[in-house]
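Structure assessment
Listed here are the chains, written in short residue letters.
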Amino acid sequence: MRCGLGYIQESTRSREVRVPVDRGTGRVSQPQPGGSTLLFVDTKSEIREFLTSRRGRITPDQVGLMTYGPRRVPGLRREEVAVLAGVSVPYYTRLERGDMSGVSESVLDALADALRLDDAERAHLLDLARAAHPAPRRPHRRQANHAVRPAVQWTLNAITGAAAYVGNNHLDLLAANELGRALFSELYATPARPVNNARFVFLDPRAVAFYRDWDRAASDTVAILRWAAGHDPHDRDLSDLVGELATQSEEFRTRWAQHNVRFHNTAVKQFHHPVVGDLDLSFNRLELSADNGLTIFTYTAEPGSRSEEALKLLGSWAATSDRAESASAADRR
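1. So, the nonpolar core
The biggest cluster of nonpolar side chains holds 51 residues, and the ones touching the most others in it are Leu-183, Phe-184, Tyr-211, Leu-225, Phe-252, Phe-271 and Tyr-299. Each residue touching Leu-183, except ones within four places of it in the same chain, is listed here: Ala-163, Phe-210, Phe-271, His-273, Leu-279, Leu-281, Tyr-299 and Leu-314. The next biggest cluster of nonpolar side chains, apart from the first, holds 24 residues, and it includes Ile-47, Ile-58, Leu-108 and Leu-128.

Pasting the structure below:
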């Protein structure tokens, strides 16, 4: 992993909790702080480190192999993985060294079975193998700024009783409904746009209080970014984000080196909101098929639960604060 030196200028953060009135529907974003760049061009290194980390976590007993005497390496040996995958030792050694040119999907499936990869890890392995195939060298590209269509914002606004926002693989919050902005008011308190959850988790001290299980939130954040990096190794904006985080956060660097990946489709999220206290919310994602790379994320509470009461209270607070903010803005005109 290579990253250049960089820094983030400390932003002046408001200590007052407010519901922001920025709707994030395509207006020009505020400039992001300068960051460093992490290049994802060394696909061979990514393959080597991913496969090595996966075989290192599996013991022979887990896959029914007999062991004799002390072992010098953690987890499985290369020859044991080769046997389990049904390939020769030299062939697997070549794969683990990052040379996946010409590898078939059936071999990749056998390798994934041998290493007991989950769905996210299998997809990541396929992405790495695809990136390793000989092809004309593509320049690093920056993703176009995602402008959320008005119809999508209307959809968000129509979702009542649940917090909802539109995000991307960079963990940007690009647009939200009123309750979504209220739920993530700690993120919106910073002036930078678009709001980014990865920066908040690792670079904002308030994240430790906001996420009741910060360690899990941090690990999930890195695993999602790692999957996104493998899926599109030429995404320059994502490269910059990872480089910025790696330069400024040891917690991020430690987790990034573990090469964990995951899909982020559904879970129970635990928050501590500064206004309504603890919230246990069901998280789900809804892909926007007409908007490549964009997803609607929803947060709902179990009916009749204490979290449902707190979410309703948060909605009332959001409506009141939003009206007060709008009135204040009108007075300043």
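Next comes the rest of the account.
2. Overview of the pattern of salt bridges
A complete count under the given rule lists 20 salt bridges for this structure. Where Arg-285 meets Glu-287, a salt bridge forms, and the shortest distance between an N and an O atom there is 2.4 Å. Accessibility expressed as a relative area gives 22% for Arg-285, which makes it partly exposed. A relative accessible area of 52% means that Glu-287 is categorised as exposed. Within this structure, Arg-54, Arg-57 and Glu-121 form a network of salt bridges that share partners.

3. Focus on unusual backbone geometry
With an omega of 0 degrees, the peptide bond running from Arg-193 to Pro-194 counts as cis. Relative to the elements of secondary structure, Pro-194 occurs in the loop between helix 8 (185-188) and strand 3 (195-196). The backbone of Leu-171 sits at a positive phi, close to 70 degrees, despite the residue not being glycine. For Leu-171, the location among the structural elements is in the loop between strand 1 (163-167) and strand 2 (172-176). For His-259, which is not glycine, the phi dihedral falls at a positive 60 degrees. On the accessibility criterion, His-259 (3% relative accessible area) is buried.

The rules we used
Residues numbered from 1 in each chain as written. Predicted model: local features only at pLDDT ≥ 70, side-chain atom pairs only at ≥ 80, totals over all residues. Heavy atoms only, no water. Core = buried A, V, L, I, M, F, W, Y, C linked by side-chain atoms within 4.5 Å. Buried < 20%, exposed > 50% of the residue type's maximum accessible area, 1.4 Å probe, protein only. Contact = heavy atoms within 4.5 Å. Salt bridge = Lys/Arg side-chain N within 4 Å of Asp/Glu carboxyl O. Helix = DSSP H or I, 4+ residues; strand = E, 2+ residues; numbered from the N terminus.

Function cannot be inferred from these measures alone, as they are strictly geometric.
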